[in-house]
Amino acid sequence: MDTTWAAAATAVVLVVVPPLWSVVRHLVTLVHEAGHAVVAVATGRRLNAIRLHTDTSGLTVSSGKPRGPGMMATAAAGYLAPAALGLVAVLLVDGGHTPWALYGGLGTLAVMLTFIRNWFGLLVVAATGGVVAVLIWRTPASTQDFAALTFAWFLLVAAPRTTIDLWAHRRRARTRTTDADVLARLTFLPAPVWNLLFLLATTAALAGAVWSVGLPG
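Residues numbered from 1 in each chain as written. Predicted model: local features only at pLDDT ≥ 70, side-chain atom pairs only at ≥ 80, totals over all residues. Heavy atoms only, no water.

Visitor: I keep staring at the environment of Val93 and nothing clicks. Help me out?
Guide: Locating Val93 in the fold gives a position in helix α3 (residues 69–94). Here the alpha-carbon distance between Val93 and Thr4, two residues 89 residues apart in the chain, equals 9.3 Å. Dropping the residues within four chain positions of it, Val93 is found in contact with Thr98, Asp145, Ala148 and Leu149. (Helix = DSSP H or I, 4+ residues; strand = E, 2+ residues; numbered from the N terminus. Contact = heavy atoms within 4.5 Å.)

Right, here's the structure in full:
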């Protein structure tokens with residue numbers, strides 16, 4: 001089994017084994033909230049705070065127009081960010097550009113630290129940044145490739161699962177505060193449709209990554 005598929009197999013284990021998933025799920029939340037933050041800034045909104053909670057939930061607060069394309073893009077970015085980042089990372093590593101992926105991740109984490117507003121969030125971001133720094137400056141290229149690929153595939157596999165979890169959460173808790181519900185209030189599409197769109201988009205990213213590297217021979 002080559003490095004790509006060994007990393008993919010490791011990623012699947014991280015997602016499907018409950019004790020492991022309960023821990024690494026925090027990394028998905030980190031990327032989810034980073035997606036909200038990056039798109040908020042990119043669309044001209046003001047980023048105020050990011051929080052990561054022990055129950056694997058998170059919150060990104062930004063200010064700006066309460067409606068419009070910027071707010072819609074910001075709300076949609078969370079569930080799409082892990083799949084998008086995973087796909088980009090797979091393509092970068094497959095193209096021999098692993099350092100770009102690692103340095104990009106480290107830079108993003110450094111910026112996030114300035115907006116984290118709770119201790120647990122600070123711990124998660126700082127610990128993740130420390131791991132990435134060790135990979136960059138203390139490990140050989142082969143280890144960097146495997147770690148970057150494992151994280152990329154983990155995000156790609158985890159992204160559809162979180163959209164399915166969102167569906168179950170909305171039915172169980174009857175909550176109306178999720179990203180899908182925010183988008184429903186901003187558009188003419190109901191929350192279940194947005195949930196389905198998240199699932200289709202994240203599954204498409206996973207399929208795209210598999211297609212780009214080719215199935216193992």
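Now that the structure is up, let's keep going.
Visitor: Just checking my understanding: could you explain the pairing of strand β2 (residues 58–63) for this structure?
Guide: Looking down a regular strand, the side chains alternate between one sheet face and the other. One ladder, built from 6 bridges, connects strand β1 (residues 46–52) with β2; its direction is antiparallel. When the bridges of β2 are listed, Arg46 appears paired with Ser63. Hairpin connection between β1 and β2: a loop of 5 residues separates the two successive antiparallel strands, and Thr56 in this loop has a positive phi of roughly 75 degrees. (Pairing = 2+ DSSP bridges.)

Visitor: What's the story with the packing of helix α7 (residues 179–186) against helix α8 (residues 191–213) in this structure? I'm lost.
Guide: Helix packing for two helices is described by the angle between their axes and how far apart those axes are. α8 packs onto α7 with a crossing angle of 120 degrees between their chain directions and a minimal axis gap of 8 Å. With respect to α8, the element α7 is oriented oblique. At the point where α7 passes α8, the crossing takes the right-handed sense. Seen from α7, the contacting residues are Ala180, Asp181, Leu183 and Ala184; seen from α8, they are Ala191, Trp194, Asn195 and Phe198. Its residues placed into classes, the contact of α7 with α8 shows 6 nonpolar, 1 polar and 1 charged. (Axes fitted to C-alpha atoms, helices over the stretch in contact; angles between N-to-C directions. Parallel < 35°, antiparallel > 145°, perpendicular 65-115°, else oblique. Left-handed = near helix turned anticlockwise from the far one by under 90°. Nonpolar A, V, L, I, M, F, W, Y, C, P; charged D, E, K, R; others polar.)

Visitor: Even after reading the chapter, I still don't get the pattern of salt bridges, so can you show me in this structure?
Guide: A side chain of one charge can pair with a side chain of the opposite charge if their charged atoms are brought near each other. In the structure shown here, the tally under the stated rule is 2 salt bridges. Among the ionic pairs, Asp165 bridges to Arg161, the shortest N-O distance being 3.6 Å. Of this pair, Asp165 and Arg161 are both found in helix α6 (residues 141–173), 4 residues apart, which corresponds to roughly one turn of the helix. Taking the relative accessible area as the measure of exposure, Arg161 reaches 29% and is therefore partly exposed. Put simply, Arg170 and Asp181 hold a salt bridge, and the shortest N to O gap is 2.8 Å. Of the two residues, Arg170 is situated in helix α6 and Asp181 in helix α7; the sequence distance between them amounts to 11 residues. Each of the two residues, Arg170 as well as Asp181, counts as buried. (Salt bridge = Lys/Arg side-chain N within 4 Å of Asp/Glu carboxyl O. Buried < 20%, exposed > 50% of the residue type's maximum accessible area, 1.4 Å probe, protein only.)

Visitor: Honestly, the environment of Phe146 in this entry has me stumped. Any pointers?
Guide: Along the chain, Phe146 falls in helix α6. Phe146 gets classed as partly exposed once you look at its relative accessible area, which sits at 32%. With 68 residues separating them along the chain, Phe146 and Gly214 place their C-alpha atoms 17 Å apart. In contact with Phe146, not counting residues within four places along its chain, are Thr3, Ala6, Ala7 and Thr10.

Visitor: Just to check I follow, could you spell out the packing of aromatic side chains for this structure?
Guide: Geometrically, a pair of aromatic rings is defined through the distance of the ring centres and the angle of the planes. What the rule picks out here adds up to 5 aromatic pairs. Every member of this aromatic cluster is reached through a ring pair, and the members are Trp21, Phe151 and Phe154. (Phe/Tyr/Trp six-rings, centres within 6.5 Å; stacked < 30°, edge-to-face > 60°.)

Visitor: Please clarify how the nonpolar core should be interpreted in this entry.
Guide: For soluble globular proteins, nonpolar side chains are generally found buried alongside one another. If you look at the biggest cluster of nonpolar residues, it comprises 42 residues, and the most contacted ones within it are Trp21, Leu30, Val125, Trp153 and Phe154. Elements represented by at least two residues in this core include exactly α1 (3–16), α2 (18–42), β1, α3, α4 (98–113), α5 (119–138), α6 and α8. In terms of residues, this core owes the most to one element, α6, which gives 10 residues. Among the nonpolar cores identified, the runner-up in size contains 9 residues, and Leu166, Ala180, Leu183 and Trp194 belong to it. (Core = buried A, V, L, I, M, F, W, Y, C linked by side-chain atoms within 4.5 Å.)

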